[in-house]
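Next come the chains, spelled out residue by residue.
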Amino acid sequence: TMQCNSRVNLAINTMSDIPISSLTLICVGSSFAFSGLFYHLCKQKRQEIQKLKEIPKFQPNEELLKILKASPHKRLQYVAIEGQIEPDGEPLFSQYVPRCFGVIQRVIVQEHWKVWNSITKTWAHTKKNNKQSTNTVPFSLVSFGSGVSVKVQSPLEASGLYLEQVYRRLRTAKEGFMGFVAQEITQEKPKVLEECEELLRVGATLTGFGELVLERGRVLKLLPPRDGREYILVATDYKSFLQRHEDSVTMWKLLTAVFGIAGTALLAWAIYKAYCRQNVKRDK
């Protein structure tokens, strides 16, 4: 950030000595500003990754059970638990896909309409009559062969990407004569009907971040944290989740470098062109 500020100051000082166009200076300043912004985002993401790495990570097994039994109040305030999803009873059946089972199911049906904009004289896209239903059944995280499971409590309170889209269909709306008349009156017409189904599938790997408690000897529960930290469920293993964050750091670093180099190159080119113009004027 200090380097970006010094470069901007250099550009301002140069403007007073060498005639450089305002547009060029705006482009140079914008490049350094974006470079500074991306550097700030990169730094934030690094700090976030460091905090993630400090979170204790476990799998449902006897070792975790021993740690909880030895901990104060048989509770761990904030941990990451990685395991495979297993329903505590009967799973949910997909409404559209045969032999597809889950523990959380979300079905979304919405209409896509075209609405006439009398100002721009164009048809605009809008969504109407969005209907959504969500079903859940109790489920646990298991590590096959360990005999220990962690019951996931209040999953709908968690943030994170944990539902997989297993079905999506777009049906074109059929227009009849009466529909055509209605469209002329209302200046609206149906375009498509979209149906989607999302599932948290049985057997998939899930990583949960939350509070872990031990009840009645061997019953482990993952709960929303009481200390205000975020309750997170992600449909991937812990290593892949961490890698996604590290990939974001790489992206922000690349953008920082690209905009910083672009700003520096543009400033150098502008100074060079300005000196050339001044030399031509002196020769005349």
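Residues numbered from 1 in each chain as written. Predicted model: local features only at pLDDT ≥ 70, side-chain atom pairs only at ≥ 80, totals over all residues. Heavy atoms only, no water.

Overview of helix α2 (residues 22–54)
Here α2 spans 48 Å end to end across 33 residues, near enough to the 48 Å set by a 1.5 Å rise per residue. Looking at α2, one finds that the buried residues are T24, L25, V28, S31, F32, S35, G36, F38, C42, K45, I49 and L52. (Helix = DSSP H or I, 4+ residues; strand = E, 2+ residues; numbered from the N terminus. Expected span 1.5 Å × (residues − 1). Buried < 20%, exposed > 50% of the residue type's maximum accessible area, 1.4 Å probe, protein only.)

Overview of helix α3 (residues 62–70)
Taken together, the buried positions of α3 are occupied by L64, L65 and L68. All buried residues of α3 project into a common sector of 100° when viewed along the axis, lining one side. α3 presents E63, K66 and A70 as exposed residues on the side facing more than 90 degrees away from its buried surface. Along its buried surface, α3 packs onto β1 (57–58), β2 (75–87), β7 (149–152), β10 (205–215) and β11 (219–223). N-cap assignment for α3: the residue whose side-chain oxygen lies 3.3 Å from the backbone N of E63 is N61. (Arc of directions from axis to C-beta. Contact = heavy atoms within 4.5 Å. Polar contact = N/O pair within 3.5 Å; in protein donor to acceptor, adjacent residues only side chain to side chain.)

Observations concerning the environment of K239
Inspection of the secondary structure assignment puts K239 in helix α5 (residues 238–283). Among the residues examined, K239 registers a relative accessible area of 68% and is labelled exposed. Residues K239 and E82, 157 residues apart in the sequence, show an inter-C-alpha distance of 9.8 Å.

Comments concerning the pattern of salt bridges
Under the defined criterion, the tally for this structure stands at 14 salt bridges. E48 is the salt-bridge partner of K45, the closest N and O atoms lying 3.4 Å from each other. Residue K45 and its partner E48 are both found in helix α2; the two are separated by three residues, about one turn of the helix. Classification of E48 by relative accessible area gives partly exposed; the value is 35%. Here R168 ties to E194 by a salt bridge, and the two come within 2.9 Å at their closest N and O atoms. Of the two residues, R168 is situated in strand β8 (residues 164–172) and E194 in strand β9 (residues 188–201); the sequence distance between them amounts to 26 residues. Looking at E194, the relative accessible area reads 7%, which means it is buried. (Salt bridge = Lys/Arg side-chain N within 4 Å of Asp/Glu carboxyl O.)

Quick word on the nonpolar core
Of all hydrophobic cores here, the largest spans 27 residues; its most connected members are L64, I81, F139, L200, L206, L212 and L220. When contributions to this core are tallied by element, the ones reaching two or more residues are α3, β2, β4 (101–117), β6 (139–142), β7, β10 and β11. The leading source of residues in this core is β2, at four residues. The contacts of I81, once residues within four sequence positions are left out, are F58, P60, L64, L141, V150, L206, T207, G208, L212 and L222. Residues C42, A80, I232 and V249 belong to the second largest nonpolar core, which totals 13 residues. (Core = buried A, V, L, I, M, F, W, Y, C linked by side-chain atoms within 4.5 Å.)

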